Amino acid sequence: MGQQSETAAPVGQMNAGAETVALNEQCSGAVLCDQQHQPGSSLPNAPSASPRWPSKVNSLTFGDRARIYRQAVIRPYTLLGPALGAGVGQWEDEPPEWGPASDGYARRFASGVGRSVIAETIRFGFAAADGEDPRYHRSEESGVWNRTRHVIAETFTSETASGTRIPAYSRFAGIYGAAFISNAWYPESRATTGYALRRGSTALGSSLGFHLFEEFLPRKYFKALHSED
């Protein structure tokens with residue numbers, strides 16, 4: 001009988017210990033489960049606290065793109081850029097066949113407006129086809145260098161619907177396409193491949209300059225120029 005009691009005691013202790021271990025495991029599991037469902041948990045298997053948000057380009061419907069195109073064609077740059085370019089051409093007497101008089105300035109200005117509209121039209125088609133966002137987005141960083149670097153990126157690359165950035169094919173196609181199409185009305189001496197490339201590169205440089213202007217323009221004026229944003 002004594003032996004049976006001595007044997008029963010350890011067995012009872014073992015059963016109690018097993019129940020305690022099982023209870024502890026259940027509690028640990030509950031805590032772990034609780035932590036996994038808490039937002040921002042740092043556990044390896046916890047859900048990400050910073051999901052990847054869809055790109056702004058996803059919200060661009062064809063109607064949105066058409067509105068952006070319309071505003072790009074009628075915005076002040078459509079007249080300001082060609083007006084400045086015509087002034088430089090007038091000063092340089094370029095092309096010389098158009099002369100230095102007021103009618104020469106009018107032809108240079110009209111040529112600039114025509115190239116601008118053609119460039120935006122080509123860009124509209126390319127951007128719709130490959131999913132580029134044709135808008136300029138201001139930097140949210142501070143510092144002159146950081147914002148200037150952003151301007152360069154926004155000029156030579158474009159964001160796509162997936163949130164990635166690709167070369168700004170639509171901008172290049174529009175600017176250089178318009179430069180070559182304008183050979184149709186330029187004098188024969190300037191209707192060459194070399195001069196078309198020169199006009200396109202000058203226009204691309206002007207885009208960079210206008211984006212710098214937009215970046216450092218007070219925000220309220222930027223919004224007035226870009227009401228679609």
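Before reading further, recall that the structure is shown in the block above.
Computed from a predicted model, the values in this text were never measured in an experiment.

## A short note on the pattern of salt bridges
Note on pairing: side chains with opposite charge can pair once their charged atoms come close.
So, point 1. On inspection of all chains with the given rule, the structure shows seven salt bridges.
So, point 2. Between Arg-147 and Glu-215 there is a salt bridge; the shortest N-O distance is 2.8 Å. Within this pair, whereas Arg-147 is found in helix α5 (residues 144-156), its partner Glu-215 is found in helix α7 (residues 193-216), the two being separated by 68 residues in sequence. The exposure classification of Arg-147 matches that of Glu-215, with both residues buried.

## Here's the deal with the packing of aromatic side chains
So, point 1. Enumeration according to the criterion identifies five aromatic pairs in this entry.
So, point 2. Seen from their ring centres, Tyr-105 and Phe-109 are 6.5 Å apart, and the 5° between their planes marks the pair as stacked. Of the two residues, Tyr-105 and Phe-109 are both situated in helix α4 (residues 102-130); the distance of four residues between them amounts to about one turn of the helix.
So, point 3. For Tyr-105, a relative accessible area of 30% puts it in the partly exposed group.
So, point 4. One aromatic cluster in this structure is built from Phe-62, Tyr-69 and Phe-124.
So, point 5. Positioned above the aromatic ring of Tyr-186, the side-chain terminus of Arg-199 is 4.0 Å from the ring centre.

Conventions used here
Residues numbered from 1 in each chain as written. Predicted model: local features only at pLDDT ≥ 70, side-chain atom pairs only at ≥ 80, totals over all residues. Heavy atoms only, no water. Salt bridge = Lys/Arg side-chain N within 4 Å of Asp/Glu carboxyl O. Helix = DSSP H or I, 4+ residues; strand = E, 2+ residues; numbered from the N terminus. Buried < 20%, exposed > 50% of the residue type's maximum accessible area, 1.4 Å probe, protein only. Phe/Tyr/Trp six-rings, centres within 6.5 Å; stacked < 30°, edge-to-face > 60°. Lys NZ or Arg CZ within 6 Å of the ring centre and 35° of its normal.

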